[in-house]
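# Analysis of the macromolecular model
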Amino acid sequence: MIREIQSSELEALLELYLSLHETAIPEDTPALRKVWERILQDEDHHVIVCEADGILVSSCVCVIIPNLTRNARPYALIENVVTRDGYRRKGYGSACLRFAAETAKNANCYKVMLLTGSKDQGTLEFYRKNGFDSGDKTAFIQRFT
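Notes on the structure in this doc start here. (Residues numbered from 1 in each chain as written. Predicted model: local features only at pLDDT ≥ 70, side-chain atom pairs only at ≥ 80, totals over all residues. Heavy atoms only, no water.)

### Quick word on the packing of aromatic side chains
This model, assessed by the stated rule, comprises two aromatic pairs. Between Lys90 and the ring centre of Tyr87, over which it is positioned, the NZ or CZ distance is 5.6 Å. Cation over ring: Lys111 sits above Tyr75, and NZ or CZ is 5.8 Å from the ring centre. (Phe/Tyr/Trp six-rings, centres within 6.5 Å; stacked < 30°, edge-to-face > 60°. Lys NZ or Arg CZ within 6 Å of the ring centre and 35° of its normal.)

### Examining the pattern of salt bridges
Applying the stated rule across the entire model yields eight salt bridges. We note a salt bridge from Arg33 to Glu11, for which the minimum N-O separation is 2.5 Å. Here Arg33, found in helix 2 (residues 30–41), pairs with Glu11, found in helix 1 (residues 10–16); they are 22 residues apart in sequence, far enough to count as distant. Between Glu102 and Lys105 there is a salt bridge, with the nearest N and O atoms lying 3.5 Å from each other. Separated by three residues within a single helix, Glu102 and Lys105 lie in helix 3 (residues 92–106), roughly one turn from each other. Residue Glu102 is classed as partly exposed on the basis of its relative accessible area of 39%. For Lys105, a relative accessible area of 58% corresponds to the exposed category. Residues joined by salt bridges that share partners form a network here, namely Arg3, Glu9 and Glu51. (Salt bridge = Lys/Arg side-chain N within 4 Å of Asp/Glu carboxyl O. Helix = DSSP H or I, 4+ residues; strand = E, 2+ residues; numbered from the N terminus. Buried < 20%, exposed > 50% of the residue type's maximum accessible area, 1.4 Å probe, protein only.)

### Comments concerning the side chain of Thr103
With respect to the helices and strands, the residue Thr103 is situated in helix 3. Its relative accessible area of 11% is what places Thr103 among the buried residues. Separated by 2.9 Å, the side chain of Thr103 and the backbone oxygen of Phe99 make a polar contact. (Polar contact = N/O pair within 3.5 Å; in protein donor to acceptor, adjacent residues only side chain to side chain.)

### Here's the deal with the pairing of strand 3 (residues 55–65)
Strand 3 sits mainly inside the fold: eight of its eleven residues count as buried. Judged from the eight bridges that link them, strand 2 (residues 45–52) and strand 3 form a sheet pairing that is antiparallel. Residue pairing in the sheet places His46 in a bridge with Cys62 of strand 3. Sheet analysis places strand 3 next to strand 4 (residues 75–83), joined by seven bridges and oriented antiparallel. Paired with Val61 across the two strands is Glu79, which belongs to strand 4. (Pairing = 2+ DSSP bridges.)

Spelled out as C-alpha cells, the structure:
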C-alpha cells in the first residue's frame, strides 16, 4: 500500500533509513521530535511510504517548492529514495516514485527533480525507467559540515 506517512511512524521510517545511508537510528530527542513535527505540519512536505508485510519497505520524500517563474508554477524535489534490503526489485520503489510524481502533478508543478549520489548503473537505470532524465540538467552540490 502506497500512502503518506502517519505521525506515529517516525521510528519505522528511521529504521528504514538504515537501508539508505544511515548507520544508526538517531536518539529520540526533543530536537528530533521538533523536526518531525515541522515536517508533518508542512503541507508541501510529503513523506511517501510503501507498506508490505506490515512494515515500511520503501519511501521517498517529495517537497513542493513555490516558484515565481514558469507562471508561478511550483516545482518538486524528490529525496531520500530508499527500499529495504530484501524488498528491492519488486516495484515498491517505483510505486513510491509514481506517487511522488502524481503529488507533484496535483500541485501543478512544472517539473520534478531528483538527485542521487549513486554511481551504480542499476540505480541509475532504475531512475531512468521511472521517467527521470539525467541528461537534461547539471547538478552542483555544496555541502556544509
